[in-house]
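Now for the letters of each chain:
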Amino acid sequence: MRNKYIESFEKAQLENRNIPDFRAGDTVRVAVRIKEGNKERVQNYEGLCIAIRGQGTGRTFMVRKMGANSVGVERIFPLYSDSIESIEVLRKGRIRRAKLFYLRELKGKAARIKELRRK
Amino acid sequence: MEFIVEKIGMSRTVDVPSVPVTLLKVVETKVCEVKEDGKALVAYNSSKKLNKSIEGQQTKFGVSKEFNKFMTIEVAEGTEAGDLNPAALAEAAVVKTSLNTKGRGFQGGMKRHGFGGGPGSHGHRFGRRIGSIGNAEWPGRVQKGKKMPGQYGNTKTTVKNDVVSFDAENGILVLKGSIPGHNGARGLVRIVK
């Protein structure tokens, strides 16, 4: 259990944040604000969320995608950060564990995740 | 101006760039007697310890039974006996915090002073030993202040931090960065600026 004062300090910062409900196995598109000199632009990063960890303001999620030449790219984003413009859930995955690190060892067709069928 | 605080723990902000913060709770303090040199005798609550000398002090200054620990701290000008008001922390920009560091017990030279140590393998017996501690027949003794193994930690350390915010309602002071000591440690904050 966390201290109530730390919790209320973090809660005050996390108010009015519109974060969609997603978990590991979901395909997400993250819009990241990038500052270059004086210019600011938004870059999209799309991939499979393979882990969510941490709590409070320190909560982060890990997004894995296959980059050029089939090189796996993983990025860790803070879930609550002013640098994240938006998070869009594109596909819900059917998974049986909270951390999908086993995908790193799999290639091609084996590294797919089935879509979650709603009953 | 000084205030007695208790370390709560650490967190972070979600701004860009994110700031690591330490939360401190200002301990409820009663001013007993204001002295001439800007200092005052104050009472605060610490454990349940009570004996006749503490009780005698409490009757003398008219403070209730919970305030069983007495201490002399610096106070603002014009402070009167009664509750110590921490409102001045709201205007503070920089504070110095004094706390005891985490006690690490009896430690060797490598951990305590950052000695290099020796190779762990290749037939060495040097390992984590401290090595030579002196010269020869002259001076024939070990230099004073030679760094050696011993008690490490649990010493008073003062650090300077920026103030991020102060919640007057709950008495929560938020500082940028870290401060010494374990969560729940008591210490003093002094307003620098």
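Residues numbered from 1 in each chain as written. Chains lettered and ligands numbered in written order. Predicted model: local features only at pLDDT ≥ 70, side-chain atom pairs only at ≥ 80, totals over all residues. Heavy atoms only, no water.

Participant: Hey, could you go over the overall build of chain A for me, with residue numbers and the actual values?
Facilitator: Helix and strand counts for chain A stand at one helix and five strands. Taking the principal axes of its C-alpha atoms as reference, chain A extends roughly 45 × 40 × 25 Å. Restricting the contact set of chain A to residue pairs at least 6 apart, pairs at least 24 apart contribute 51%. Approximately 8,300 Å² of chain A is accessible, and the part contributed by carbon and sulfur atoms is 45%. Positive and negative charge centroids in chain A, built from 29 and 14 side chains respectively, lie 8 Å apart. (Helix = DSSP H or I, 4+ residues; strand = E, 2+ residues; numbered from the N terminus. Contact = heavy atoms within 4.5 Å. Areas by Shrake-Rupley, 256 points an atom, 1.4 Å probe, with all protein chains shown as cover. Lys, Arg positive; Asp, Glu negative; His and termini not counted. Charge placed at Lys NZ, Arg CZ, Asp CG, Glu CD.)

Participant: Can you lay out the pattern of salt bridges for me, pointing to particular residues and giving the numbers?
Facilitator: Evaluation of the coordinates by the stated rule reveals eleven salt bridges over all chains. Ionic pairing is found between A:E74 and A:R64, a salt bridge with its closest N-O pair at 2.9 Å. Placement of the pair is A:E74 in strand β4 (residues 72-78) and A:R64 in strand β3 (residues 60-66), with a sequence separation of ten residues. When the shortest N-O distance is used, the salt bridge between B:E6 and B:R186 registers 3.1 Å. One end of the pair, B:E6, is in strand β1 (residues 2-12); the other, B:R186, is in strand β12 (residues 186-191), and 180 residues separate them in sequence. Note on B:E6: relative accessible area 28%, which makes it partly exposed. B:R186 sits in the partly exposed class, given a relative accessible area of 34%. Three or more residues are tied together by salt bridges with common partners; here these are A:R29, A:E46 and A:E88. (Salt bridge = Lys/Arg side-chain N within 4 Å of Asp/Glu carboxyl O. Buried < 20%, exposed > 50% of the residue type's maximum accessible area, 1.4 Å probe, protein only.)

Participant: Please give an account of the sheet that holds strand β5 (residues 69-74) of chain B that cites residues and values.
Facilitator: Residue and element names in this part refer to chain B. Strand order in the open sheet formed by four strands is β5-β4-β3-β6, with antiparallel pairing between adjacent strands. Both edges of this open sheet fall to β5 and β6 (82-83), since each of them pairs with a single strand only. With six bridges joining them, strand β4 (residues 39-44) and β5 adopt antiparallel strand pairing. Across the sheet, Y44 pairs through a bridge with K69, a residue of β5. Relative to β5, helix α1 (residues 52-61) is tilted by about 55°, and along the sheet it contacts β3 (29-34), β4 and β5. (Pairing = 2+ DSSP bridges. Axes fitted to C-alpha atoms, helices over the stretch in contact; angles between N-to-C directions.)

Participant: So what's going on with the packing of aromatic side chains? Which residues, and what values?
Facilitator: Residue and element names in this part refer to chain A. This structure, assessed with the given rule, holds four aromatic pairs over all chains. With centroids separated by 5.2 Å and ring planes inclined at 80°, the aromatic side chains of F22 and F61 adopt a geometry described as edge-to-face. Highlighted residues: F22 in the loop between α1 (4-13) and β1 (27-36) and F61 in strand β3, separated in sequence by 39 residues. Residue F22 shares its accessibility class with F61, and that shared class is buried. A centroid spacing of 5.7 Å and a plane angle of 65° characterise the contact between Y45 and F77, whose relative ring orientation is edge-to-face. Taken together, the residues Y45 in strand β2 (residues 39-53) and F77 in strand β4 connect sequence positions 32 residues apart. (Phe/Tyr/Trp six-rings, centres within 6.5 Å; stacked < 30°, edge-to-face > 60°.)

Participant: Can you break down the interface of chain A and chain B residue by residue, with the values?
Facilitator: Contacts between the two partners involve 16 residues from chain A and, on the opposite side, 16 residues from chain B. Note on chain A versus chain B: buried area summed over both sides is about 1,200 Å², and carbon and sulfur give 65% of it. When residues of chain A are sorted by the area they lose upon contact with chain B, A:Y5, A:I6 and A:F9 head the list and together hold 47% of the total. On the surface where chain A and chain B come into contact, there are zero salt bridges. Taken together, the connections running from chain A to chain B amount to six residue pairs in polar contact (both at pLDDT 80 or more). Among the elements that line the side of chain A that touches chain B, the one with the most residues is α1(A), at five residues. Residue composition of the side of chain A that touches chain B, by class: six nonpolar, six polar and four charged. (Buried area = accessible area lost by both parts, 1.4 Å probe. Polar contact = N/O pair within 3.5 Å; in protein donor to acceptor, adjacent residues only side chain to side chain. Nonpolar A, V, L, I, M, F, W, Y, C, P; charged D, E, K, R; others polar.)

Participant: Talk me through the confidence of the model for chain A; I want residue IDs and the actual numbers.
Facilitator: Averaged over every residue, the pLDDT of chain A is 91; residues scoring 70 or more account for 98%. Ranking the elements of chain A by mean pLDDT puts α1(A) last with 89 and β3(A) first with 95. (pLDDT = per-residue confidence, 0-100.)

Participant: Run through the nonpolar core, naming residues and quoting values.
Facilitator: Among the nonpolar cores identified, the biggest contains 26 residues, and B:F3, B:L24, B:L89, B:V95, B:L173, B:L175 and B:V189 are the most heavily contacted of them. Elements represented by at least two residues in this core include exactly β1, β2 (20-26), β4, β7 (94-100), β10 (156-167), β11 (172-176) and β12 of chain B. Discounting residues that sit within four places of it in the chain, B:L173 has contacts with B:T22, B:L23, B:L24, B:L89, B:V163, B:S165, B:F166 and B:V189. The next biggest cluster of nonpolar side chains, apart from the first, holds 16 residues, and it includes A:I52, A:F77, A:L79 and A:Y80. (Core = buried A, V, L, I, M, F, W, Y, C linked by side-chain atoms within 4.5 Å.)

Participant: Any chance you could break down the pairing of β3(A) for me, citing the residues and the numbers?
Facilitator: All names here are of chain A. When you tally the buried positions in β3, you get five out of seven residues, the bulk of the element. Here β2 runs beside β3; their pairing, made up of five bridges, is antiparallel. Looking at β3, one finds that A51 is bridged to M62. Remark: six residues form the turn of the hairpin made by β2 and β3, two consecutive strands paired antiparallel; G54 in that turn has positive phi of roughly 90°.

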